[in-house]
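Residues per chain, in single letters:
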Amino acid sequence: MHLVAPSLLAADFLHLEDACRLVNESKADWFHLDVMDGRFVPNISYGMSIIEQIRTVAQKPCDVHLMIEEPGRYVADFKAAGADHITVHWEACPHLHRNIQQIKSLGITAGVAINPATPVDFLTSILPELDLVLIMSVNPGFGGQTFISHTFQKIRKLRKMIHDLGLHTHIEVDGGISVENAGPIVQAGADVLVAGSTVFHAPDPVAAIAKLKSV
């Protein structure tokens, strides 16, 4: 069964506690927390202090996606803030193996994200070290974008790579996921769906999460 990770980036930050409780009470599996620095991506979101506050309410794992430069400087602080999983970007890490080992040394799971233009082949050497690969299905930085269709090819190829190596690495997909395309995304090989606008802009967010779980 695939997992659903609502992205709090799309929530109403004036009522963030309510959004967290909604996720707690829904069929969602993880909280997805997008951290943006205004340098690696053209937007700024939030940092450790907000995650600390979310963690006081969140009853499910916190999946922290670092869209930042030099993530190695901060992963220990994000772990201390409450991260259960930390994902860094292939494009931001010239010493990626070192970054992954650093995350794992903190006792949490480690992932690598790739942007739409980055081939999954670039992960060949590091894949056995990863708990999770996050395939960006939009260009990172903003919510509410349209799913990029060639992502399906990347998911299928990555699923074959994982299978051929006998691994159990999660494939997470983030960007433009809707109730309509979630089924084909899972069928292609994804097992974690990140959804922001589809959940928090829905008339009934709990029902939207349930639909994403049932595809």
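Predicted model only: the values in this text are computed from it and were never measured.

1. With respect to the packing of helix α5 (residues 151-164) against helix α6 (residues 179-188)
- Two elements in contact, α5 and α6, have axes whose closest approach is 8 Å; the angle formed by their N-to-C orientations is 30 degrees. It follows from the interaxial angle that α5 and α6 lie roughly parallel. Every residue of α6 that contacts α5 at Phe152, Ile155, Arg156 and Arg159 is listed here: Pro184, Ile185 and Ala188.

2. Looking at the pairing of strand β3 (residues 62-67)
- Among the six residues in β3, six count as buried, and that is most of the element.
- Here β3 shows two buried faces, one formed by Cys62, Val64 and Leu66 and the other by Asp63, His65 and Met67.
- Of the strand pairs in this sheet, strand β2 (residues 31-36) and β3 are connected by six bridges, and their pairing is parallel. Directly across from Phe31, in β3, lies its bridge partner Cys62.
- Crossover connection from β2 via helix α2 (residues 48-57) to parallel β3: handedness right-handed.
- Bridging between β3 and strand β4 (residues 85-89) involves three bridges; their strand directions are parallel. Note that in β4 the partner of Val64 across the bridge is Ile86.
- Crossover handedness for the path β3 to helix α3 (residues 75-81) to β4: right-handed.

3. Here's the deal with the UniProt feature "binding site: substrate" (unreviewed entry) in the chain
- The sites that carry the UniProt feature "binding site: substrate" (unreviewed entry) are, in the present numbering, Ser7, His65, Gly141, Phe142, Gly143, Gly144, Asp174, Gly175, Gly176, Gly196 and Ser197.
- Within the element layout of this structure, Ser7 appears in the loop between β1 (3-6) and α1 (16-25).
- Setting aside chain neighbours within four positions, we find Ser7 in contact with His32, Asp34, Val194, Ala195, Gly196 and Phe200.
- Within the secondary structure, His65 is located in strand β3.
- Exposure remark for His65: the relative accessible area of 0% places this residue in the buried category.
- Ignoring sequence-local partners within four residues, the contact set of His65 consists of His32, Leu33, Asp34, Val35, Thr87, His89, Ala113, Leu134, Met136 and Asp174.

4. Concerning the state of the cysteines
- Applying the stated criterion across every chain yields a total of zero disulfides.
- With no disulfide of its own, Cys62 lies 7.8 Å from the sulfur of Cys20, the closest cysteine sulfur.
- Here Cys62 falls in the buried class, since its relative accessible area comes to 0%.

5. Quick word on α5
- Helix length check: α5 (14 residues) gives 20 Å between terminal C-alpha atoms against 20 Å at 1.5 Å per residue, within 8%.
- Residues of α5 that are buried make contact with β5 (109-114), β6 (132-136), β7 (170-174) and α6.
- Looking one or two places after α5, you find Gly166, whose phi comes out positive at around 70 degrees.

6. Considering the environment of Val194
- With respect to the element layout, Val194 can be found in strand β8 (residues 192-195).
- Classification of Val194 as buried rests on a relative accessible area of 2%.
- Counting along the chain gives 115 residues from Val194 to Lys79, while the straight-line C-alpha distance between them is 20 Å.

7. Brief notes about the UniProt feature "active site" (unreviewed entry) in the chain
- In the numbering adopted here, UniProt assigns the feature "active site" (unreviewed entry) to Asp34 and Asp174. Spanning 141 residues, the named residues nonetheless gather at one spot, since no C-alpha pair among them exceeds 10.5 Å.
- The residues touching Asp34, leaving out its near neighbours within four places in the chain, are Ser7, Leu9, Ser45, Tyr46, His65, Met67 and Asp174.
- In this structure the side chain of Asp34 is engaged in a polar contact, spanning 2.8 Å, whose partner is the side chain of Ser7.
- Tracing the backbone shows Asp174 in strand β7.
- Of the residues examined, Asp174 reaches a relative accessible area of 10% and is grouped as buried.
- In this structure, Asp174 is in contact with His32, Asp34, His65, Leu134, Ile135, Met136, Ser137, Val138 and Val194, ignoring residues within four places of it in sequence.
- Of the polar contacts made by the side chain of Asp174, one reaches the side chain of His32; its length is 3.3 Å.

The rules behind each value
- Each residue is numbered by its place in its chain's sequence as written, counting from 1.
- With the structure being a predicted model, the display of local features is reserved for residues of pLDDT at least 70 and the display and counting of side-chain atom pairs for 80 or more, all residues being used for whole-chain, interface and lining totals.
- Remark: hydrogens and water are excluded; side-chain values derive from all non-hydrogen atoms of the structure.
- Note on geometry: axes are lines fitted to C-alpha atoms, helical ones only across the stretch in contact, with angles between N-to-C directions running from 0 to 180 degrees.
- Strands here mean DSSP runs of E at least two residues long; helices mean DSSP runs of H or I at least four residues long; both are numbered from the N terminus.
- Each angle gets one of four labels, with under 35 degrees taken as roughly parallel, over 145 as roughly antiparallel, 65 to 115 as roughly perpendicular, and the rest as oblique.
- We call two residues in contact when some of their heavy atoms are within 4.5 Å.
- Buried means the residue's accessible area, taken with a 1.4 Å probe over protein chains only, is under 20% of the maximum for its type, while exposed means over 50%, and partly exposed covers the values in between.
- Strand pairing is defined by DSSP finding a minimum of two bridges between the two strands.
- Viewed with both strands pointing away, a crossover whose connecting path from the first strand over the helix to the second turns clockwise is right-handed.
- UniProt positions are given in the numbering used here, feature names are shortened, and annotations may be inferred rather than shown by experiment.
- Note on terminology: pairs of cysteine sulfur atoms within 2.5 Å are recorded as disulfides.
- Take the residue count of a helix, subtract one, and multiply by 1.5 Å to get its expected span.
- Any N or O atom pair separated by 3.5 Å or less is treated as a polar contact, with the protein-specific requirement of one donor-capable and one acceptor-capable atom, and with residues adjacent in sequence counted only for side-chain atom pairs.

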